[in-house]
Each structure stands twice: as structure tokens, then as C-alpha cells.
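In case you want the letters, here they are:
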Amino acid sequence: MNTRAKAPSETTVVVGMSGGVDSSVTAYLLKQQGYNVIGIFMKNWDDTDENGFCTATEDYEDVIAVANQIGIPYYAVNFEKEYWDKVFTYFLDEYKLGRTPNPDVMCNKEIKFKAFLDHAMRLGADFVATGHYARAVYEDGEHKLLRGVDANKDQTYFLNQLSQDQIAKAMFPIGHMEKSEVRKIAEEANLATAKKKDSTGICFIGERNFKQFLSQYLPAQPGEMRTLDGKTMGRHDGLMYYTMGQRHGLGIGGDGEPWFVVGKNLADNILFVEQGFHNELLYSEGLYASDISWTATMPAGTEFRCTAKFRYRQTDTPVTVRVLENGRLDVAFDERQRAITPGQAVVFYDEDVCLGGATIDEAYKAGERLAYLA
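Asker: How would you sum up the environment of Ala 129? Please name residues and give values.
Answerer: Considering the arrangement of structural elements, one finds Ala 129 in strand E4 (residues 127–129). On the accessibility criterion, Ala 129 (0% relative accessible area) is buried. With 98 residues separating them in the primary sequence, Ala 129 and Lys 31 have C-alpha atoms 12 Å apart.

Given below as C-alpha cells:
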């Protein structure tokens, strides 16, 4: 049933407040609409630097300022253990396998819409709300996740693992707005975060050097960089630092077209590289995926047409999806795709409706598995 039937004044909404403008406006709008709003700041990672500075402390101070401005109670909740166990461990494990993880997807699945949602329900909340650019609707007897109206900010790609129950308890008050409108509301309300820049990157890395950060947790194993026909082109710093289609950081000079990563051999610690943005080795006709999550039931044996995205900043491409008996998906592309990356998410859409997603295991062409992750 549609659980949004109660009047706002009788409805408690716990807002995940990050100290950014999007979640600030989310809390402000819900308060304006008459909801009983509680703000919660999630501390997921200890990012204190060598000088004792912690950006989380600064962000929480912004949450306090906004909460006081709009007149709502606020709390800080520590989810560092849950984040380490469910998100960071997964992050490291994927790199050990030579894949490229997507911690934002896992954070939404395990922290924001599980640990945080459970905590909010224990507080007596009817819903949780976040500043994601997405929409949750109830129609045709289903809870549906829809793209955000602002195509440049739509975040359903990162929310693809949400279930019916999670969508039913979620509110996305800015999902029907453009980012510029959100900024305008913050400025007109004189919110403390109105001019704050958007955060970028993975929360536990922040502004730090990625290689330096990763090497603290996984020992780097340098090795040979070769072409597929065996020509040595140099040395790599460790397979975990490279992803499919990567150009920068290879250090290969000389004439001709740029060089790109086209594969990895984990057993022999070899990074394969070839020349040319449109090198044939970078293109595939389909992929296999696992760890599937549907917003509605999709039984084995199902075959259907839809569109898909293989990375966040990408236009949809038409695909045919087959749900296999072994718990995997076979996703065939209408048009060949470049640099499909194991570990990343493939997310499915029916126009504006996000159907769910899965983790890319491997790509194929002419029925053959591609060279990377051999």
C-alpha cells in the first residue's frame, strides 16, 4: 500500500544531512511542508589528518548551523564500523581481484538505506529523506525509483540496489528540481550551506592522492606492461591502480596514437596496453553481470528489452537482458560499447524508471571473453 497517506504533521521524516546544500534544502523543504523533521549526520569514516584536522567535524558544524536555522533537532551517528565492514572491505577486495569497485553504490545499499534506515526506524521515523537527485513514486501497485529531473545530476545510477521496501520508506524532496533551483532556495532561505561547494570523490579518500591512499592498505606489486603480442612497453606500479580504457599515468612516450589499458593478467601480474582510442580490443558486444538487484521481481528465464548505463556519466544504450539460471545476467548491446569495466555497475531503465542493477563481471565479443582480467 502507499504509506504516504498520513498528514505531514503526523509524519516523522529523518533526514540524512551531510553538511552540503542538497541535504540542507531537503530538510528545509520538508520542514516548510509541515513534516516532523529530524536531522542526522552520518559519520562513516575517520578522516583526521596528521595535523588533527577532520573535514567531518567541519561538515557537522554546517549541519548544526542549518538545523538551528530551520528549527529541527539533530544528532550525529557513528557508522564507521558498518562502513568499514560493508563498504571499505568490499572496496579493497575488488581491487585485489583486479576490478574497479563502485563504493558509492555500496554505501547507498549498506549504509544510507540499511544501517541509517534501520536507525531511523528505531527512532520512530515514517520515512528517511536524502538529498539525492532521484524520485520515489507509488503507482500500479509498485514503489518505483525514477530518475531525477535534472539529467546532469540524476543519481539513480548509484541507487540501483534499492528494493521495494527501501524505496517505500524513502523521500527525495529535491528530485524534481534542477540544481540551480536548489541553490536558489538555499540562498533565499539564507541557509549556512547556500554557497558551499559540492563534495567530489570517494569520502574516505577525499583530496588525497589515490595511489598513496590505496598503497596504505594494499601492497603494490609492480610488473611488466606489454602489448598482447608480447612487446614490453614499460613497467606498471601495480594492477590495482589501472582500469579498463585508462590513458593517463601509463608513461609511454613516442610517436603515434595514445596508449590505453586493454587488459590485465592477474596470475602473471601483467598490464596489457595497446594504441588508439578506438582500438578493437576496447570494444565489446555484451557483458555478464552478477549481484543483481531488481526494484521489482524479475525471475530466472526472463528476457526483456530496456536501456542501460555502464558508468555514471553516460547516455543510455538499448540492450537485451536475459536473466540466467545461474544467478547472472547476459546483457547484449544494440551497439558495441567501449571500455566496459569489471566491478562497475550496469544499471537498467525503462524510460525514467530505474529497474535495478548488477555488478559487471566480464565483457564479451563474438561469444569470446575479452582479454582483461585473464
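Right, picking up where we left off after that structure.
Asker: Describe the nonpolar core, naming the residues involved and giving the relevant values.
Answerer: One finds Phe 91, Phe 172, Phe 204, Leu 214, Leu 250, Leu 271 and Val 273 to be the most contacted residues of the largest nonpolar core, which totals 57 residues. Looking at this core, the elements with two or more residues in it are strand E2 (36–43), helix H3 (80–96), helix H4 (103–122), strand E5 (134–139), helix H7 (210–215), strand E10 (259–265), strand E11 (270–275) and strand E16 (345–350). Looking at which element gives the most residues to this core, the answer is H4, with 9 residues. Those residues within four positions of Val 273 in sequence are excluded, and the remaining contacts are Met 225, Arg 226, Thr 227, Met 233, Leu 250, Ile 252, Trp 259, Phe 260, Val 261 and Val 262. Among the nonpolar cores identified, the runner-up in size contains 29 residues, and Tyr 28, Phe 127, Ile 185 and Ala 194 belong to it.

Asker: Tell me about the pattern of salt bridges, residues and numbers included.
Answerer: One pass over the structure, following the stated rule, counts 26 salt bridges. Salt-bridge contacts for Arg 99 lead to Asp 361; the nearest nitrogen and oxygen are separated by 3.1 Å. Pair noted here: Arg 99 is in the loop between H3 and H4 and Asp 361 is in strand E17 (residues 353–365), with a separation of 262 residues, a long-range link. Of the two residues, Arg 99 and Asp 361, neither departs from the other in class, the shared state being buried. A salt bridge links Asp 352 to Arg 135; its shortest N-O distance comes to 3.3 Å.

Asker: Provide a residue-level description of the sheet that holds E2, including the pertinent values.
Answerer: Strand order in the open sheet formed by 5 strands is E3-E2-E1-E4-E7, with parallel pairing between adjacent strands. Among the strands making up the open sheet, the edge pair consists of strand E3 (74–78) and strand E7 (170–171). As judged from the 3 bridges shared by strand E1 (residues 12–16) and E4, these two strands associate in the parallel manner. Each bridged residue has a counterpart across the sheet, and for Val 14 the counterpart in E4 is Val 128. Strands in contact with helix H2 (residues 55–70) are E2 and E3; relative to E3, the strand with the most contacts, it is inclined by about 155°.

Asker: For H3, give the residues involved together with the corresponding values.
Answerer: Of all the bends in H3, the greatest, near 30°, is centred on Phe 88. Taken together, the buried positions of H3 are Tyr 83, Val 87, Phe 88, Tyr 90, Phe 91, Leu 92, Glu 94 and Tyr 95. If you follow the buried residues of H3, they end up packed against H4 and H7. Downstream of H3 by a residue or two, Gly 98 has a phi angle that is positive, lying close to 80°.

Cut-offs applied
- Residues numbered from 1 in each chain as written.
- Predicted model: local features only at pLDDT ≥ 70, side-chain atom pairs only at ≥ 80, totals over all residues.
- Heavy atoms only, no water.
- Helix = DSSP H or I, 4+ residues; strand = E, 2+ residues; numbered from the N terminus.
- Buried < 20%, exposed > 50% of the residue type's maximum accessible area, 1.4 Å probe, protein only.
- Core = buried A, V, L, I, M, F, W, Y, C linked by side-chain atoms within 4.5 Å.
- Contact = heavy atoms within 4.5 Å.
- Salt bridge = Lys/Arg side-chain N within 4 Å of Asp/Glu carboxyl O.
- Pairing = 2+ DSSP bridges.
- Axes fitted to C-alpha atoms, helices over the stretch in contact; angles between N-to-C directions.
- Bend = angle between axes of the 7 residues up to and from the residue.

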